[in-house]
Amino acid sequence: MGHLLSREASSLSRDRRCRRRRKVPPPRSRSCFLRGPCMLCFIVHSASPPAPEQPLPARDPLPPPPYAALATAEQRAARRLLCLPPAAWEPRSRCQRLLLSGLLPSPVRGLLGPARPPGEVASEMVCKRKGAGLPACPPSKQPRCAAAAAGAEPEAGSAAGGGDASARGAAGDSGGGGQPASPPPPPAPEEKGEEKEKERGGEAGCEEPQEHPGDGCREPLLALTPNINHLPPSILLKIFSNLSLNERCLSVSLVCKYWRELCLDFQFWKQLDLSSRQQVTDELLEKIASRSQNVTEINISDCRNVSDKGVCILAIKCPGLLRYTAYRCKQLSDISIIAVASQCPLLQKVHVGNQDRLTDEGLKQLGSKCRELKDIHFGQCYKISDEGMIIIAKGCGKLQRIYMQENKLVTDRSVKAFAEHCPELQYVGFMGCSVTSRGVIHLTKLRNLSSLDLRHITELDNETVMEIVKRCKNLNSLNLCLNWIINDRCVEVIAKEGRNLKELYLVSCKITDSALIAIGRYSMTVETVDVGWCKEITDHGATQIAQSSKSLRYLGLMRCDKD
């Protein structure tokens, strides 16, 4: 730009030849043009402070101006521009337009001093482009504006052409004595490359402005994919607690290492349901007990490969065991129940139904060492007798549930012992035991009795049942199935006296439609009635109870085939 206005073109040619020999640095990447607001949009209202003045070299024919010691290329160009007479700085000249448009480098603007249109007062540069106040940021690709690019290229060309012509005219006027200026030499290949780079930079500056100026300066945010692992561990543990042991061990723990660690949390190994798993052995029970010694409940029903040894190891390593269930484990004997009773004094629940090898010796240990026992189930343990049951009744005064089934050696003595020593009993079942009305009548002492199972009691009379219903005001479930002696009169008394009764089971009893009519007429609380296999029940009784009862929800009529 400055060589067209220079008085000595030859010296400039020499400088250009010297620069040509130098190693040209590689052009900057295009991204540098987008690091901040475009310089084409600024209007310069103030100039940088002037550089220090230094004398020119002695070889210059003109008087040495104060800028002779400028070293950089921009400073040398400023020096040549400043050597021109005042005629070269007309308002329509190329340099003045460059100065006003902000294209001159800062050293040149500093040396030229302040230059702004008259009447305009401003102390800083203002960018007219939208979003110019945003901080500098890395470039972001935007779609080019074809119309803006097409319009910008002719304007730039005309500005360059007009500027060159005016510069040449100004140089001719300032030649001194009317001497013609030397024609400019053809541009060098390096300069062509620089011009192309500038054109590319100009095209890059013609990008379409964004609707939101700050969008281009922000780093693209990665969309966060919802992930269940971002939840707190306590929430995941709560979710996993609703799954069964099979689902946690065979499905959830195989998802990832994190879920596997969660599935090994101690709270999941407090309550173990290992029922009907033939792969459960004594070794597995030992590993479980060694890993989690805070097991409080375990169910090994139908586990045929578990022996007394495995149960003993479990009892020794888990002294806090509270609930022990082992239905149909016929291979277990008194050794296992004695180990559980002696090592787990806080035991509250023992369900060991259908164990042929269990005798009174195991029950004696339970009764003497487990004072917190509340729930026992010894159904179909045929070697249990009154001796063991009486010791449990006397030693476990907190019992709330007891269920016996087909224990032929259990008689009225056991029923009487439980009624006298366990006042908190709520559920009592003596299905198929050698119990009579003389023993059952003692149950009237249980004021908290809520469920009574007297199925298949051969010597049970109607008067005993009616007396129990009258005395036990909290009774809500009564099962009298397979008792042929129960008749319509007994059912009518039950319907009248059972103020809280909700469930009544009369399968295979000697009743007729009159019993159903009495239930519908007198009972205001009964919701479930089952009279299956009662041959005397007809459609008339079923219709009457359905029409008259206001609380009935279920009526069982299986094999009531009489027309």
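All right, on to the overall build of the chain then. Regarding its fold elements, the chain presents 20 helices and 14 strands. Across the 563 residues in the chain, those meeting the buried criterion constitute 40%. Sequence separation of 24 or more characterises 75% of the internal contacts of the chain that already satisfy a separation of 6 or more. Summing over all exposed atoms, the chain offers an accessible surface of approximately 31100 Å²; the carbon and sulfur share of this is 54%.

The next point concerns the state of the cysteines. Going through the model one piece at a time under the given rule, you end up with zero disulfides. Sulfur of C560: no disulfide; nearest cysteine sulfur belongs to C534 and is 5.8 Å away.

On to a nonpolar patch on the surface. A surface patch of nonpolar side chains, amounting to about 300 Å² of accessible area, comprises I228, L231, I235 and I239. Structurally, the position occupied by I239 is in helix 7 (residues 233–240). Its relative accessible area of 38% is what places I239 among the partly exposed residues.

What follows deals with the side chain of S477. Within the element layout of this structure, S477 appears in strand 11 (residues 477–479). Here S477 falls in the buried class, since its relative accessible area comes to 9%. Setting aside its immediate chain neighbours within four residues, S477 contacts S450, S451, L452, L501, E503 and Y505.

This next bit is on the sheet that holds strand 11. With parallel pairing, the twelve strands of this open sheet are ordered in space as 3-4-5-6-7-8-9-10-11-12-13-14. The two strands at the open ends of the sheet, each matched to only one other strand, are strand 3 (271–273) and strand 14 (554–556). Sheet twist, expressed as the mean angle between neighbouring strand axes with direction ignored, is 5 degrees. Pairing between strand 7 (residues 375–377) and strand 8 (residues 401–405): three bridges, direction parallel. Note that in strand 8 the partner of I376 across the bridge is I402.

Further remarks concern the packing of helix 11 (residues 308–317) against helix 12 (residues 334–343). Closest axis-to-axis distance for the helix 11/helix 12 pair is 8 Å, and the angle between their directions is 5 degrees. When the axis of helix 11 is compared with that of helix 12, the two are roughly parallel. For the pair helix 11 and helix 12, contact is made by D308, V311, C312, A315 and I316 and by I335, S336, A339, V340 and Q343, respectively. Considered class by class, the residues forming the contact of helix 11 with helix 12 number seven nonpolar, two polar and one charged.

Here we take up empty space enclosed by the protein. Scanning all chains against the criterion turns up one cavity of 30 Å³ or more. Counted as a void, the largest cavity has a volume near 40 Å³. Residue composition of the lining of the largest cavity, grouped by class: four nonpolar, two polar and three charged.

It is worth spelling out the pairing of strand 9 (residues 427–431) at this point. The buried count for strand 9 comes to five of five residues, which makes it a mostly enclosed element. Side chains Y427, G429 and M431 of strand 9 all project onto a buried face; the interleaved residues V428 and F430 project onto the opposite face, where all are buried too. Two elements, strand 8 and strand 9, share five bridges in a ladder whose sense is parallel. In the strand pairing of strand 9, Q405 is matched with M431. The handedness of the strand 8 to strand 9 crossover, carried by helix 15 (residues 412–421), is right-handed. Where strand 9 meets strand 10 (residues 451–453), three bridges bridge the pair, whose relative direction is parallel. In the sheet register, G429 faces strand 10, and the bridge partner there is D453.

With that settled, the discussion passes to the packing of aromatic side chains. In the structure shown here, the tally under the stated rule is two aromatic pairs. When the ring of F240 is compared with that of W259, the centres are 5.2 Å apart and the planes differ by 65 degrees; the resulting orientation is edge-to-face. Taken as a pair, F240 in helix 7 and W259 in helix 9 (residues 257–263) lie far apart in primary sequence, 19 residues in all. When its relative accessible area of 3% is taken as the criterion, F240 is described as buried. Here the basic side chain of R401 rests over the ring of Y427, its NZ or CZ set 4.3 Å away from the ring centre. It is K496 that lies over the ring of Y522; its NZ or CZ is 4.7 Å from the centre.

Once that is clear, we can look at the confidence of the model for the chain. Overall, the prediction assigns the chain a mean pLDDT of 76, with 60% of residues at 70 or greater. Across residues 29–36 the pLDDT falls below 50, and counting only partners more than four positions away or on other chains, this stretch makes 15 contacts in the model.

A side chain of one charge can pair with a side chain of the opposite charge when the charged atoms of the two come close. Under the counting rule described, the total for this entry stands at twelve salt bridges. Put simply, K398 and E372 hold a salt bridge, and the shortest N to O gap is 3.1 Å. Within this pair, whereas K398 is found in the loop between helix 14 (386–395) and strand 8, its partner E372 is found in the loop between helix 13 (360–369) and strand 7, the two being separated by 26 residues in sequence. K496 is the partner of E492 in a salt bridge, and the nearest nitrogen-oxygen pair spans 3.2 Å. Placement of both E492 and K496 in helix 18 (residues 488–497) is noted, with a separation of four residues, approximately one turn of the helix. K496 gets classed as partly exposed once you look at its relative accessible area, which sits at 35%. Here the salt bridges share partners, and the residues they tie into one network are E361, K364 and E387.

Among all positions in helix 10 (residues 282–291), only D282, L285, I288 and A289 are buried. Seen from one end, helix 10 has its buried residues packed into an arc of 125 degrees, which puts them on one side. Among the exposed residues of helix 10, those oriented more than 90 degrees off its buried face are K287 and R291. Residues of helix 10 that are buried make contact with strand 3, strand 4 (297–299) and helix 11.

What counts, and where the lines are drawn
Residues numbered from 1 in each chain as written. Predicted model: local features only at pLDDT ≥ 70, side-chain atom pairs only at ≥ 80, totals over all residues. Heavy atoms only, no water. Helix = DSSP H or I, 4+ residues; strand = E, 2+ residues; numbered from the N terminus. Buried < 20%, exposed > 50% of the residue type's maximum accessible area, 1.4 Å probe, protein only. Contact = heavy atoms within 4.5 Å. Areas by Shrake-Rupley, 256 points an atom, 1.4 Å probe, with all protein chains shown as cover. Disulfide = S-S within 2.5 Å. Patch = residues over 30% accessible without salt bridge, like charges linked within 9 Å, V, L, I, M, F, W, Y side chains within 5 Å. Salt bridge = Lys/Arg side-chain N within 4 Å of Asp/Glu carboxyl O. Pairing = 2+ DSSP bridges. Axes fitted to C-alpha atoms, helices over the stretch in contact; angles between N-to-C directions. Parallel < 35°, antiparallel > 145°, perpendicular 65-115°, else oblique. Nonpolar A, V, L, I, M, F, W, Y, C, P; charged D, E, K, R; others polar. 1 Å grid on protein atoms, 1.4 Å probe; cavity = no way out; pocket = protein on both sides within 12 Å on 5 of 7 lines; lining within 4 Å. Points joined across faces, edges and corners; volume = space filled by probe spheres on them. Right-handed = clockwise from strand over helix to strand, strands pointing away. Phe/Tyr/Trp six-rings, centres within 6.5 Å; stacked < 30°, edge-to-face > 60°. Lys NZ or Arg CZ within 6 Å of the ring centre and 35° of its normal. pLDDT = per-residue confidence, 0-100. Arc of directions from axis to C-beta.

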